[in-house]
Amino acid sequence: MLNIEIFSVLTHVLLFGSLYFEVFLLVSFLERLIRTKEIEIATAVQLPSITIVVPCFNEEHTVARTVDSLLALIYPKENLRVVIVDDGSTDATYAAIRQYSNHPQVTLLQKENGGKHSALNLALKQTRTDLIGCLDADSEVSPHALARIAHGFRDPRVTSVTPGIHVKDPVTLLQHMQKAEYRMSVFIRSALAGLGSIFITPGPFSIFRTEVVRSLGGWRHGHSTEDLEMGLRMQDLGYLILNDPRASVYTIAPRTIRGLFRQRVRWTYGFLRNVLDYRHMIFNPKYGNLGLLILPISLFTIGGALYLAGRMFWSIAMAVADVLARFAVTGWLGFPSLDPFFINTSVLWITVYLVVAVTFGIVCIGSFISTGSRLPPRGTPLFLALYSFIVPFWLGAALVRAIMRTGVRWK
Amino acid sequence: MSAEHLRSTAPSPRSIRWSTYVIAFVITAAIFGTAFYVSNYFSAKRVAEIRATQENISIDILSLETQFDLLAEHSCEDIAENSVLSRELRPLAARLSYIEGQASFNRDELIQLKRYYSLLQIKDLLLMKRVAEKCSLEPIVILYFYSNEGDCEDCERQGYALTALYEKYPQVRIYSFDYHLDLAALDTLISINKVARDLPALVIDDEVHYGYQAVEDIEKIIPGLESMRVETATTTAQED
C-alpha cells in the first residue's frame, strides 16, 4: 500500500511540474506581450549583409528548391550571398547545384564528407558579410523571413535570431501530428526568447553575427546536434539569442515512424550529451532562467515522461487483461458503459485533462503568432491523443545511448 | 522603433524575474486546487447517489414487508417473486464495485456503503424466503462470497461468470458478499451456511461449492436453470 501511495504522489508531483512549466511559459509570454510592441520588418536602409550557407549531403531531390527559395527572398540582392557546400555527397547533389555556378549571388564549394559542422566552418572561412546563417537543404524559407530576422539585429546586444519552423506540405498522419508539434515549438521558442533562454539555434535559418561565430571558433560536431551545442555555448558566454516566430521556414518532416524515431533519438541524444558537457549551467542562477529552470526541467521532463508513460502503459495493460479475462469467461468483450457515473474524475485524470487542454492552447497560440491563424492544425487532436504513446520510445532509446555513449547516426 | 527602445525591452540572458516564478506557481496551485475540488465534488456526488439509492431500496424493502404482512391472509398473486429490488440491487453493485476501484474515494465511507448494501441484500434474501414459503415458490438463489484482499485469485473470474449467468437467467437471485466485511449479520449468514475461508465460495441449495465455477458448472449444479430459461422464453412469447 505504501508503494502505491509513493507512486501516486510521484505521479501527481510530475503532473504538477508539467503544468507549472506550461503555465510559466504562458505567463512569461503574456508579460512580454504587455511590455513590448510587435517588431516591424526592417527598411532597406537598415539591412545588414548576410551569407546563407546550405550544407548538403545527398540532397539531390530537395536542394534546388531550397536554393530557389533563398534567391526569392525579399532582400537587397547586393546584401545577400548564398554558399552551397557539397559535403561529399555520393548522389547527384553536385549536379543539381551546378546550375547555380554562374549565379552572381551563389558560391559553390565541394569537400570530403566531414559532417554539417565542417561544411559550415568551411563557408565561415570565406565569409565577409555582417551576418551568417544556415539553411538545411531540405528546407525552404518564406520571402519575408530574412527581412524580419535582420530587423532583430538592430539591437547590438543580439548575436543570433531564430525563426519559426513549420512542417512543409504534410501528407501522412504522422506529418500532420508533427505540424501541430512544430506549432507548439514555435510558442515555446518565442516564450524562451522572452526569457533570454533559447539554447537551440535550429539548423533551418538561424542567423548569427559573423564576428561572434568566428570568435567562438565556429561550429563543433556537438554529438550530431551542432545547433544545440552552438546555442548552449553562446548562452554559456552570455550572448543574447532572440526569436521571430513570423520569420517562417518550412522543413520536411519524417513521413514514417522509423524516420521520426531516428531523428528524435538523435535530437534527444544530442541534448543529453551536450547538457552533460555544459552541466555547470544546471541549477546555476548565474545563467538566469535557463540555468535555474529551463535546463533542469528539460532534463526532468525526459525522466518524468518515461515514468508517466510506464504508468500509462501499465494501466492500459491491466485494462486489456481485464477485458481478456472477461472474454475468456463469458465469450464476449462487453461494451463500455455510457453512464456518466463511470467517467473517471480522479484528481489525476482531471489534471491530465487540464495539461492536455493547456497544451492545446499552446498549439493555438503558436499557430496564431506564426501564421495569424486562430485555428490549430488539423493534426492537433491526433497529436494530443497519440504522441504521448510514441515519445517515450525515442526518449528511452536516446537515454540508453547517452548512458552507453554509443553515438547516433545522422541518416 | 528606436535602438534605445529595443535595448530597454530585449531580455537579458542572465536576468531572472522572480515574480514570474511566483505568479506561475500560484496559478498552477490554483489549477491543481480546482482539480482537487472538482474531483471531491464528483466523489461526494457519487456517494450521495449511492446513499440515495440505498435509502430507496430500504424503503422498498420496508414497503414490501408491510405489504406481505397486510396480505398475509390473501392470495400470493398480489406479491411478485421478482420484485424491483433485483433491478435496483444489481446496478448498485456495479457502482459500488467501480468506486471501490478508485483510489480517490474515502475508504471509511466506502466500507459504510458496502455494509449497508450487504444488509439490504440480507433483508431482501429473508423477505424472498418468507414469500417463497408462504406462496410455495422455488426461487433459485446463489450466495456468492468473495474477497478483495488478495487472497482470492479466481474472484474476478467468478464475478464475470455470475454476471454472464444473470444475463442468461435473469430470474436467478445472486447475492454477493465481501467475506471480510465487518458486519455481524454477514458473520451470522456465513456461520449459518458454514462457509469456510476458501474463496470464491458459492452457496446453492444449502450446499457450499468452493473454487471457480464457470457458467456451465453452475448449470450442472442447478438442473432447474434450463427449465427456467424455457419458462422465461414462453412467458416472453405470451407477452408478445
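Computed from a prediction, not measured in an experiment: that's the story for all the values here. Within any chain, residue numbers begin from 1 and follow the written order of that chain's sequence. Both sets of labels track the order of writing: A upward for chains, 1 upward for ligands. A pLDDT threshold of at least 70 governs which residues receive local features in this predicted model, and a stricter bar of 80 or more applies before side-chain atom pairs are shown or counted, although totals over entire chains, interfaces and linings include all residues.

### A short note on the overall build of chain B
Secondary structure elements follow DSSP: runs of H or I no shorter than four residues count as helices, runs of E no shorter than two count as strands, and numbering proceeds from the N terminus. Along chain B, the regular secondary structure elements total eight helices and four strands. Evaluated residue by residue, chain B yields a buried proportion of 22% over its 240 residues. Note on contacts: residues are paired as contacts if their backbone-placed C-beta atoms lie within 7 Å. Within chain B, residue pairs in contact and separated by at least 24 positions form 73% of the contacts whose partners lie at least 6 positions apart. Each residue is classed by its C-beta neighbour count within 10 Å, where at least 20 other C-beta atoms makes it buried, 12 or fewer makes it exposed, and intermediate counts make it partly exposed; the C-beta atoms are placed from backbone geometry.

### Let's talk about the sheet that holds strand β4 (residues 131–134) of chain A
Residue and element names in this part refer to chain A. We treat two strands as partners when DSSP finds at least two bridges between them. Pairing is mixed in the open sheet, where eight strands are placed in the order β3-β2-β1-β4-β7-β6-β8-β5. Lying at the two open borders of the sheet, with one neighbouring strand each, are β3 (106–111) and β5 (139–141). Put simply, the sheet's adjacent strands are angled 30 degrees from each other on average, direction ignored. Sheet topology note: the strand β6 (residues 158–167)/strand β7 (residues 207–209) ladder contains two bridges and is antiparallel. The residue bridging Ser 160 from the neighbouring strand is Phe 208, located in β7. Axis lines are fitted through C-alpha atoms, for helices just across the contact stretch, and the angle between N-to-C directions can take any value from 0 to 180 degrees.

### A short note on unusual backbone geometry
In this model, B:Leu199 is joined to B:Pro200 through a cis peptide bond whose omega is 5 degrees. Within the fold, B:Pro200 resides in the loop between α6 (184–192) and β3 (201–204). Even without being a glycine, A:Asp169 presents a positive backbone phi close to 45 degrees. Within the element layout of this structure, A:Asp169 appears in the loop between β6 and α6 (173–194). What makes A:Asp169 exposed here is the crowd of 10 C-beta atoms within 10 Å. Despite not being glycine, B:Asp205 has its phi angle at roughly 55 degrees, a positive value.

### Focus: the environment of A:Val323
Looking at where A:Val323 falls in the secondary structure, it is placed in helix α10 (residues 288–330). Sequence spacing of A:Val323 and A:Thr210 is 113 residues, and the spatial spacing of their C-alpha atoms is 62 Å.

### Some details on the domain arrangement of chain B
It is common to report an interface's size as the accessible area lost on association of the parts. Residue and element names in this part refer to chain B. By the assigned domains, chain B splits into domain 1 (20–137) and domain 2 (140–240). The interface of domain 1 with domain 2 comprises twelve residues on the first partner and twelve residues on the second. Broken down by secondary-structure element, the contributors of at least two residues to the side of domain 1 that touches domain 2 are α3 (84–100) and α4 (107–135). Looking at the side of domain 1 that touches domain 2, the element that brings in the most residues is α4, giving eight residues. For this scheme, ten residues count as nonpolar: Ala, Val, Leu, Ile, Met, Phe, Trp, Tyr, Cys and Pro. Four count as charged, namely Asp, Glu, Lys and Arg, and the remainder, Gly too, count as polar. Taken together, the residues of the side of domain 1 that touches domain 2 sort by class into five nonpolar, four polar and three charged. Reported domain spans reflect what an automatic or database domain assignment gives.

### Topic: the interface of chain A and chain B
Facing 44 residues of chain A, the contacting portion of chain B comprises 37 residues. Secondary structure elements with two or more residues in the side of chain A that touches chain B: α1 (2–35), β8 (240–251), α10 and α11 (347–371) of chain A. The leading source of residues in the side of chain A that touches chain B is α1(A), at ten residues. Tallied by class, the residues present in the side of chain A that touches chain B amount to 22 nonpolar, 13 polar and nine charged.

### Side note on helix α12 (residues 380–404) of chain A
All names here are of chain A. What a helix is expected to span follows from its residue count: subtract one and scale by 1.5 Å. Compared with the 36 Å implied by 1.5 Å per residue over 25 residues, the 35 Å span of α12 between its first and last C-alpha is a close match. One axis is fitted to the seven residues ending at the residue and one to the seven starting there. The bend at that residue is the angle between these axes. The largest bend in α12 is about 50 degrees, located at Tyr 387. What α12 keeps buried is the set Thr 380, Phe 383, Trp 394, Leu 395, Ala 398 and Ala 402. Elements that come into contact with the buried residues of α12 comprise α6, α9 (257–277), α10 and α11.

### Regarding the packing of α9(A) against α12(A)
Residue and element names in this part refer to chain A. The geometry of α9 relative to α12 is characterised by a closest axis approach of 8 Å and an angle of 45 degrees between their N-to-C directions. The angle between the axes of α9 and α12 places the two elements in the oblique class. Handedness of the α9/α12 crossing: right-handed. Contacts between α9 and α12 involve Phe 261, Arg 264, Val 265, Thr 268, Tyr 269, Leu 272 and Arg 273 on the former and, on the latter, Phe 393, Trp 394, Leu 395, Ala 397, Ala 398, Leu 399, Arg 401 and Ala 402. The class makeup of the residues in the contact of α9 with α12 is eleven nonpolar, one polar and three charged. For classification purposes, angles smaller than 35 degrees are called roughly parallel, those larger than 145 roughly antiparallel, those between 65 and 115 roughly perpendicular, and all remaining angles oblique. A crossing counts as left-handed when the near helix is turned anticlockwise from the far one by less than a right angle, and as right-handed when that turn is clockwise.

### Considering the pairing of β6(A)
All names here are of chain A. Of all ten residues in β6, ten are buried, a share of seventy percent or more. Where β6 lies against β8, eight bridges are found, and the strand directions are parallel. Note on β8: the bridge partner recorded for Val 161 is Leu 242.

### Points about the environment of A:Leu260
Residue and element names in this part refer to chain A. Within the element layout of this structure, Leu 260 appears in helix α9. Residue classification places Leu 260 among the partly exposed positions, given that 19 C-beta atoms sit within 10 Å. Sequence-wise, Leu 260 and Ile 74 are 186 residues apart; in three dimensions their C-alpha atoms are separated by 33 Å. The residues contacting Leu 260, other than those within four sequence positions of it, are Leu 174 and Pro 254.

### Thoughts on the confidence of the model for chain A
Each residue carries a pLDDT score, the predictor's own confidence in it, on a scale running from 0 to 100. Mean pLDDT for chain A: 90, with 94% of residues reaching 70 or above. Looking at the elements of chain A, mean pLDDT is at its lowest for α1(A), recorded as 86, and at its highest for β7(A), recorded as 97.

### Topic: the confidence of the model for chain B
All names here are of chain B. Residues of chain B with pLDDT of at least 70 account for 83%, and the chain-wide mean is 82. Across chain B, β3 holds the top mean pLDDT of 96, while helix α1 (residues 3–9) sits lowest at 47. Considering only residues more than four positions removed or in separate chains, one finds that residues 232–240, a stretch of pLDDT under 50, has one contact. At the level of chain-chain contacts, confidence expressed as ipTM amounts to 0.84, with global pTM at 0.82.

### Let's talk about the nonpolar core
Joined through C-beta atoms within 7 Å, a set of buried Ala, Val, Leu, Ile, Met, Phe, Trp, Tyr and Cys residues constitutes a nonpolar core. A:Val53, A:Val54, A:Ile84, A:Val85 and A:Leu146 are the most contacted members of the largest nonpolar core, which has 104 residues in total. At ten residues, α6(A) tops the list of elements feeding residues into this core. Ignoring anything within four residues of it in the chain, the contact list for A:Val53 reads A:Val83, A:Val85, A:Leu120, A:Ala123, A:Ile132 and A:Cys134. Listed in part, the 24 residues of the second largest apolar core include B:Leu165, B:Ala201, B:Leu202 and B:Val203.

### Digging into the sheet that holds β3(B)
Residue and element names in this part refer to chain B. Strand order in the open sheet made by the four strands is β2-β1-β3-β4, with mixed pairing throughout. Because the sheet does not close on itself, it has two edges, and the strands there are β2 (173–178) and β4 (207–210). In this sheet, neighbouring strand axes are inclined to one another by 20 degrees on average, regardless of whether the strands run parallel or antiparallel. Inspection of the sheet shows strand β1 (residues 141–146) paired to β3 by four bridges, in the antiparallel sense. When the bridges of β3 are listed, Leu 143 appears paired with Val 203.

### Considering the pairing of β3(B)
Residues in a regular strand point their side chains to alternate faces of the sheet. Residue and element names in this part refer to chain B. Summarising the sheet, β3 and β4 pair through four bridges and their orientation is antiparallel. Counted as the bridge partner of Ile 204 is Glu 207 from β4. Hairpin connection from β3 to β4: two residues lie between these consecutive antiparallel strands, with Asp 205 at a positive phi of about 55 degrees.

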